[in-house]
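Structural overview
Listed below are the residues making up each chain.
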Amino acid sequence: MNTNKIIAGTIAAFTIITLLFITCSVTAQERVEVLSDFESWKMKQIKESSLIGGKTKTLYKLGGTWDCSNAHAKAMGVDKVSVSVRPEKRGEGTCCRMESTLETVSAIGINFKAFATGSIYTGKMIDVVGMKQSSDPNSAIDMGIPFSGRPSALILDYKALIQNQQAVYAPAKTHVKNVDGRDAGQITLILQHRWEENGHVYAYRVGTAVQYINQTTDWQNDFRLPIVYGEEGKASKELSNNRHKTHNSKGQMVCIEEVDYRGDLAPTHIIVQISAGSMAPFTGCPGNTMWVDNIRLAYDNTDLAHAK
């Protein structure tokens with residue numbers, strides 16, 4: 001009887017040690033890098049023009065390498081502030097709230113409707129958006145930041161409120177047009193290898209990770225989105241030639257022209273974008289809301305040597 005107890009105890013101890021060893025080995029093979037925990041925000045008070053009410057609004061901005069869809073627009077001497085992204089309390093800290101909104105701006109007795117999708121991204125928006133960018137909001141954003149790693153996954157906490165309503169198109173005109181389809185939240189990561197020729201900025205698509213959020217959900221903590229390299233990313237997101245823009249060496253804002261998939265190359269830039277909607281500019285579902293926190297990159301150390 002005592003012998004059996006000794007054998008059973010030995011087996012149990014060996015099992016525990018084995019499990020601990022496996023756990024430690026898995027942990028040792030992965031490195032995690034924090035991109036943002038949303039504990040630091042920049043705030044600026046801006047007074048809108050008296051022509052549209054003269055309210056003072058708080059313009060929230062993210063620090064570091066992140067920016068968002070919040071904008072200070074100035075056209076024909078009129079100042080307008082759009083706020084679709086803001087901090088929100090979560091536990092002992094803060095998270096980021098992104099909401100798609102249909103704003104009404106009244107001027108000289110006329111009501112203008114403008115749709116804005118709450119969005120955050122790695123990159124930089126110009127300080128004041130003018131008439132030049134009014135027809136193409138992406139022309140105000142230098143999208144992506146320098147980056148040379150080869151992460152295996154994007155990890156984050158997120159929550160979503162997705163409205164089951166008709167999408168609309170409202171480009172700051174007096175009417176709102178219904179459009180086909182339902183809007184969804186979106187999490188996107190793109191790794192690019194960029195270069196410049198004759199003022200054009202070209203890129204190979206190195207890695208891709210995309211997740212559409214089609215339904216309301218409570219907090220999904222430590223959500224893991226694998227990054228696929230090379231042409232495997234084609235199934236989730238096609239190459240883009242006219243959506244994302246950046247400054248070339250002459251200071252001109254130009255399109256980033258993706259030309260092919262090359263998973264064997266080392267990235268030069270990373271684009272991470274999280275939005276309450278996934279449709280074209282000025283288009284989406286009012287009320288769609290995404291919350292996000294603790295954005296991280298995971299690295300499989302066995303893959304780090306593959307970059308060229």
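Residues numbered from 1 in each chain as written. Predicted model: local features only at pLDDT ≥ 70, side-chain atom pairs only at ≥ 80, totals over all residues. Heavy atoms only, no water.

**Considerations on the sheet that holds strand E25 (residues 283-284)**
- On the basis of which strands lie adjacent, the open sheet formed by 3 strands has the order E17-E15-E25 and antiparallel pairing. If you trace the sheet from one side to the other, it starts and ends with strand E17 (177-179) and E25, each paired once.
- Bridging between strand E15 (residues 167-169) and E25 involves 2 bridges; their strand directions are antiparallel. In the strand pairing of E25, Val168 is matched with Gly284. (Pairing = 2+ DSSP bridges. Helix = DSSP H or I, 4+ residues; strand = E, 2+ residues; numbered from the N terminus.)

**Remarks on the confidence of the model for the protein chain**
- When pLDDT is averaged along the protein chain, the result is 85, and 85% of the positions lie at 70 or above.
- A low-confidence stretch, residues 3-27 stays under pLDDT 50, and its non-local contacts, those more than four residues away or across chains, total 0 contacts. (pLDDT = per-residue confidence, 0-100. Contact = heavy atoms within 4.5 Å.)

**Focus: the environment of Asp264**
- Tracing the backbone through its elements, the reader meets Asp264 in the loop between strand E23 (253-261) and strand E24 (269-275).
- Asp264 gets classed as partly exposed once you look at its relative accessible area, which sits at 30%. (Buried < 20%, exposed > 50% of the residue type's maximum accessible area, 1.4 Å probe, protein only.)

**Focus on unusual backbone geometry**
- A positive phi angle, near 55°, is found at Asp222, a position not held by glycine.
- Residue position: Asp222 is located in strand E20 (residues 217-226).
- Although it is not a glycine, Asn294 adopts a positive phi angle of roughly 50°.
- Within the fold, Asn294 resides in strand E26 (residues 289-300).
- Its relative accessible area of 26% is what places Asn294 among the partly exposed residues.

**Side note on the packing of aromatic side chains**
- One pass over the full model with this rule turns up 5 aromatic pairs.
- With a centroid separation of 6.4 Å and an interplanar angle of 85°, the aromatic rings of Trp41 and Tyr60 are classed as edge-to-face. Separated by 19 residues along the polypeptide, Trp41 in strand E2 (residues 41-47) and Tyr60 in strand E3 (residues 56-62) bring together distant segments of the chain.
- Here Tyr60 falls in the buried class, since its relative accessible area comes to 15%.
- Summarising the aromatic geometry, the rings of Tyr158 and Phe223 are spaced 5.3 Å apart at their centres and angled 90° between planes, so their arrangement reads as edge-to-face. Taken as a pair, Tyr158 in strand E14 (residues 153-161) and Phe223 in strand E20 lie far apart in primary sequence, 65 residues in all.
- Residue class for Tyr158 comes out buried when judged on its relative accessible area of 8%.
- Clustering of aromatic rings is evident, with ring pairs tying together Phe38, Trp41 and Tyr60.
- When the ring centre of Trp219 is taken as reference, the NZ or CZ atom of Arg90 above it lies at 3.8 Å.
- One residue, Lys159, lies across the ring of Trp291, its end atom 4.4 Å from the ring centre. (Phe/Tyr/Trp six-rings, centres within 6.5 Å; stacked < 30°, edge-to-face > 60°. Lys NZ or Arg CZ within 6 Å of the ring centre and 35° of its normal.)

**Describing the pairing of E23**
- Alignment of strand E19 (residues 200-213) against E23, held across 5 bridges, turns out to be parallel. Looking across to E23, one finds that Ala203 is bridged to Glu258.
- As paired strands, strand E22 (residues 245-247) and E23 are joined by 3 bridges and run antiparallel to one another. Each bridged residue has a counterpart across the sheet, and for His247 the counterpart in E23 is Met253.
- Between E22 and the antiparallel strand that follows it, E23, lie 5 residues; Gly251 among them carries a positive phi value of about 85°.

**Digging into the side chain of Asn70**
- Note that Asn70 resides in the loop between strand E4 (66-68) and strand E5 (71-75).
- Relative accessible area serves as the criterion here: at 0%, Asn70 is assigned to the buried category.
- In this structure Asn70 touches Leu59, Tyr60, Lys61, Ser82, Val83, Ser84, Val85 and Met125, once residues within four positions along its chain are discounted.

**Description of the environment of Gln215**
- Locating Gln215 in the fold gives a position in the loop between E19 and E20.
- For Gln215, a relative accessible area of 60% translates into the label exposed.

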